[in-house]
Amino acid sequence: MNEALMYAKYNQAGNRAIYAILNGMSNDEREKDRGSYYGSLSSLVSHLFGGTYFFIGMFKTALAGNAAAVQAIDSRPHMPDSPPEGPLNEAQWQKLGEMLEAADAAYVAMAGALSETDLSLPVKIDWYGGNPGEVPLSFLLSQLVVHNTHHRGQISQILDSLKIDNDYSGIDLAFM
């Protein structure tokens with residue numbers, strides 16, 4: 001298994017675990033402002049989805065020669081035109097879970113389609129004031145893993161403060 005696929009599966013398992021924990025909470029508890037940059041636990045999960053959606057969308061042009069990777073990218077769910085105002089209701093929370101699962105499945109499928117050569121393909125970015133204007137795909141894949149792990153860590157800290165068991169973060173041999 002390539003390393004990108006291993007980390008995509010790790011990400012998917014972490015997101016499933018955290019969603020399951022949060023799904024066991026009341027909607028009011030998920031929506032309460034917890035003092036994080038994104039406020040509520042559901043807002044943090046929404047940001048996880050948005051980050052995965054954004055990152056894998058950036059890769060489409062660079063991977064234009066890899067039909068399987070592009071097909072996987074195209075399979076991701078479409079972002080809503082406008083996010084809901086205020087707290088999510090239960091139906092919106094459930095929809096977010098479905099979209100997160102679909103985005104993670106697209107990420108896993110895309111990572112599984114990557115070749116060693118693909119990892120060095122340049123991806124255009126507009127960060128850092130345009131310098132550099134592009135970075136290798138492998139760099140952005142690592143940033144996606146770091147981004148998601150960081151925000152799951154924020155969720156974990158909040159759950160720790162609430163005394164809710166949430167040991168989901170280890171990289172198990174299942175990912176090898």
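Notes on the structure follow.

The rules behind each value
- Residue positions are given per chain, counting from 1 as you read along its sequence in written order.
- Residues qualify for local features only when their pLDDT is at least 70, as the model is predicted, and side-chain atom pairs are given and counted only at 80 or more; totals for whole chains, interfaces and linings, by contrast, use all residues.
- Side-chain metrics in this entry use all non-hydrogen atoms of the structure; hydrogen atoms and water are not considered.
- A simple rule labels every residue: compare its accessible area, found with a 1.4 Å probe on the protein chains alone, to the largest value its type can have, and call it buried under 20%, exposed over 50%, or partly exposed in between.
- Labels follow the DSSP assignment, with helices taken as runs of H or I lasting at least four residues and strands as runs of E lasting at least two, numbered in each case from the N terminus.
- As used here, the arc is the angular range of directions from the helix axis to the C-beta atoms.
- For this document, the term salt bridge refers to a Lys or Arg side-chain nitrogen within 4 Å of an Asp or Glu carboxyl oxygen.
- Pairs of N or O atoms are called polar contacts if they sit within 3.5 Å, as long as, within protein, a hydrogen donor faces a hydrogen acceptor (for residues adjacent in sequence, only side-chain-to-side-chain pairs).
- Throughout, a residue-residue contact means that at least one pair of heavy atoms, one from each residue, lies within 4.5 Å.
- Here, expected helix span is obtained from the residue count minus one, scaled by 1.5 Å.

## A closer look at helix α4 (residues 67-74)
Link 1 in the chain: Listed in full, the buried residues belonging to α4 are Ala69, Val70, Ala72 and Ile73. The arc that holds the buried residues of α4, viewed along the axis, is 160°, so those residues lie on one side. Facing away from the buried surface of α4 by more than 90 degrees, the exposed residues are Ala67 and Gln71.

## Focus on the environment of Ala68
Link 1 in the chain: Note that Ala68 resides in helix α4.
Link 2 in the chain: Exposure remark for Ala68: the relative accessible area of 44% places this residue in the partly exposed category.
Link 3 in the chain: Sequence separation of Ala68 and Ala17 is 51 residues, and the distance between their C-alpha atoms is 27 Å.

## A look at the pattern of salt bridges
For side chains bearing opposite charge, pairing can occur when the charged atoms are close.
Link 1 in the chain: A complete count under the given rule lists five salt bridges for this structure.
Link 2 in the chain: Of the charged contacts in the structure, one is a salt bridge between Lys60 and Asp74, with a shortest N-O distance of 2.6 Å. One end of the pair, Lys60, is in the loop between α3 (41-58) and α4; the other, Asp74, is in helix α4, and 14 residues separate them in sequence.
Link 3 in the chain: Lys124 serves as the salt-bridge partner of Glu134, at 3.7 Å between the closest nitrogen and oxygen. Separated by 10 residues along the polypeptide, Glu134 in strand β2 (residues 134-136) and Lys124 in strand β1 (residues 122-124) bring together distant segments of the chain.
Link 4 in the chain: Given the relative accessible area of 40%, Glu134 is considered partly exposed.

## Here we look at the environment of Glu116
Link 1 in the chain: Within the secondary structure layout, Glu116 lies in the loop between α5 (90-113) and β1.
Link 2 in the chain: When the C-alpha atoms of Glu116 and Leu100 are compared, they prove to be 27 Å apart, with 16 residues separating the residues in sequence.

## What to know about the side chain of Asp104
Link 1 in the chain: Looking at where Asp104 falls in the secondary structure, it is placed in helix α5.
Link 2 in the chain: One polar contact links Asp104 to Asn11, side chain to side chain, over a distance of 3.1 Å.
Link 3 in the chain: Each residue touching Asp104, except ones within four places of it in the same chain, is listed here: Asn11, Gln12, Asn15 and Thr52.

## Description of helix α1 (residues 3-23)
Link 1 in the chain: Compared with the 30 Å implied by 1.5 Å per residue over 21 residues, the 30 Å span of α1 between its first and last C-alpha is a close match.
Link 2 in the chain: Among all positions in α1, only Ala4, Leu5, Met6, Ala8, Tyr10, Asn11, Gln12, Gly14, Asn15, Ile18, Tyr19 and Leu22 are buried.
Link 3 in the chain: The secondary structure elements touched by the buried residues of α1 are α2 (27-31), α3, α5 and α6 (137-161).
Link 4 in the chain: Structurally, the start of α1 carries an N-cap: the backbone nitrogen of Ala4 is 3.0 Å from a side-chain oxygen of Asn2.

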